[in-house]
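Structural overview for review
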There are 2 protein chains.
Amino acid sequence: MHRIKVKVVEDALDANATIARANRDDFDRHGMTVVNMMSSPGAGKTALLEAGLRGLEGVRAGVLEGDVQGSYDADRIAHLHIPVAQIQTQNGFGGECHLDANMVRSGLNALPLDLLDLLIVENVGNLVCPAEFRIGEDKRIMVTSVTEGEDKPLKYPLMFRACELVLVNKIDLLPHLDFDLDLFLHHLDAVNPGARKLLVSARTGDGVEEWREWLYYTAQGAKATA
Amino acid sequence: MHRIKVKVVEDALDANATIARANRDDFDRHGMTVVNMMSSPGAGKTALLEAGLRGLEGVRAGVLEGDVQGSYDADRIAHLHIPVAQIQTQNGFGGECHLDANMVRSGLNALPLDLLDLLIVENVGNLVCPAEFRIGEDKRIMVTSVTEGEDKPLKYPLMFRACELVLVNKIDLLPHLDFDLDLFLHHLDAVNPGARKLLVSARTGDGVEEWREWLYYTAQGAKATA
């Protein structure tokens, strides 16, 4: 059974690459920087988007939300008066555990692309498959919570290796956890020595200014800061 | 592209059902109760297994660990001197984000099935796909951490609906979170009113005695207590 499946995944990934290139061409035509944001369920992607986009001046940002079903995160972003569209992977896509280039493409016409400098795609919460599907993005970033344990870079190396920025969230909880931050950073360095790391707390605001700066410079295409 | 994919998933699920039935027959022949344990990455499946299996008297338990790669969790369980085998979904299975019946079958001959009353299969950390693949188990259970937010039953209803026991873990962190436990339980009731819920902390031991009792009575096949 798995032999058949692997063959089909390869076909799907080839088609994905073709559609990702078409997305890339559209993003370039609109002069838009696109960030693919990934994490486990509940690591805090939406909370960090709310914190980072609130007060982000000089950048016209939009958000494309990916969820299996519902529009809870999109509703939260909409409260910031930022253009947002929702992709439900349940409807028409079979309940997929990730976004692919085709799903992203289907959501683009719900956004005013001509009016955006920066589009953030909030992927489905999952540390495996989202890293396997390029969507035509400029940058891939991830959120990891200190509540998830130090071993996650070793158990999900493809995800941690795919990202150039790792937001280590919920650092306000560190005093209440048996989490060894140095050991986590050591594991992260082992799988992705070049990754930029930001220690943040969406709850207290720690590190949010640096995260907002990253969004600002990324939207300017100032890759030197990444 | 997604049309082709949906077709193949249906074929794969049919094959999965066939192999799950074969697993089921084997489990029955060995007089073994099998539990499929699921959660997000880092919710605490392994920590709760360590806590619950330590001191579980009168039950001969074994564990089958599923991970994309590595054997970190299996090594932790092995320290308890409990039979454990590791399935790596990376090797030969294409890096799958879940276990299916075939993967479980491939791991069974690494365990002394004749000597076990209870087999716990610790699935890959993921709230989407593991719920879609039966493995021939008696019971499906899940761990959710209070750090993941109240909205998870609404965003991942298939997973929360699939399970008859929901372990709500890390309750020692409640004083430090903006987590509304009543709202979470309300959302859980909305998608799965019949689920049994246990509030636990693998760190402090809160609720672990009840979790161990659940394991004991499940191994006895005392379904009335579930």
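**Thoughts on the interface of chain A and chain B**
- Between chain A and chain B, the contact holds 46 residues from the first and 46 residues from the second.
- Together chain A and chain B conceal approximately 3900 Å² of surface at their shared face, both sides included; 59% is due to carbon and sulfur atoms.
- At the boundary of chain A and chain B, one finds 6 salt bridges.
- The partner of R203(B) in a salt bridge is D178(A), with the nearest N and O atoms 2.9 Å apart.
- At the boundary of chain A and chain B, one finds 11 residue pairs in polar contact (both at pLDDT 80 or more).
- Elements supplying a minimum of two residues to the side of chain A that touches chain B: helix 1 (2–29), helix 3 (72–78) and helix 5 (152–155) of chain A.

**Concerning the sheet that holds strand 5 (residues 139–145) of chain B**
Residues and elements named next belong to chain B.
- The parallel open sheet is built from 7 strands, whose spatial order is 3-2-4-1-5-6-7. The outermost strands of the open sheet, each flanked by one partner alone, are strand 3 (84–88) and strand 7 (196–199). Between one strand and the next, the sheet's axes are offset by a mean angle of 20°, whatever the strand orientation.
- Across 5 bridges, the pairing between strand 1 (residues 33–39) and strand 5 is parallel. Bridge pairing links V35 to K139 in strand 5.
- Strand contacts of helix 7 (residues 181–191): strand 5, strand 6 (165–169) and strand 7, with the helix running at about 160° to strand 7, the strand carrying the most contacts.

**Some details on the relation of the copies chain A and chain B**
- Its rotation angle being 180°, the transformation that places chain A on chain B also includes 0.0 Å of axial translation and leaves an RMSD of 0.0 Å. Interpreted geometrically, this transformation is the action of a two-fold axis. It is N126(A) whose C-alpha, among those of chain A, lies nearest the rotation axis, at 3.0 Å.
- Both copies contact each other with a shared surface, as 100% of the interface residues of chain A are interface residues in chain B too.

**Some thoughts on the pattern of salt bridges**
- Summed over the entire model, instances satisfying the criterion amount to 34 salt bridges over all chains.
- With a shortest N-O distance of 3.9 Å, R76(B) and D73(B) are connected by a salt bridge. Of this pair, R76(B) and D73(B) both sit in helix 3 (residues 72–78), separated by 3 residues, roughly a single helical turn.
- With relative accessibility at 31%, the residue R76(B) sits in the partly exposed group.
- Between E137(B) and R134(B) there is a salt bridge, with the nearest N and O atoms lying 3.1 Å from each other.
- The exposure class of E137(B) is buried, given its relative accessible area of 5%.
- Overall, R134(B) belongs to the partly exposed group, its relative accessible area being 39%.
- The structure contains a network of salt bridges with shared partners spanning E50(A), D67(A), D73(A), R76(A), D151(B), K152(B) and K155(B).

How each quantity is defined
- Residues numbered from 1 in each chain as written.
- Chains lettered and ligands numbered in written order.
- Predicted model: local features only at pLDDT ≥ 70, side-chain atom pairs only at ≥ 80, totals over all residues.
- Heavy atoms only, no water.
- Contact = heavy atoms within 4.5 Å.
- Buried area = accessible area lost by both parts, 1.4 Å probe.
- Salt bridge = Lys/Arg side-chain N within 4 Å of Asp/Glu carboxyl O.
- Polar contact = N/O pair within 3.5 Å; in protein donor to acceptor, adjacent residues only side chain to side chain.
- Helix = DSSP H or I, 4+ residues; strand = E, 2+ residues; numbered from the N terminus.
- Pairing = 2+ DSSP bridges.
- Axes fitted to C-alpha atoms, helices over the stretch in contact; angles between N-to-C directions.
- Least-squares fit on C-alpha atoms with pLDDT ≥ 70 in both.
- Buried < 20%, exposed > 50% of the residue type's maximum accessible area, 1.4 Å probe, protein only.

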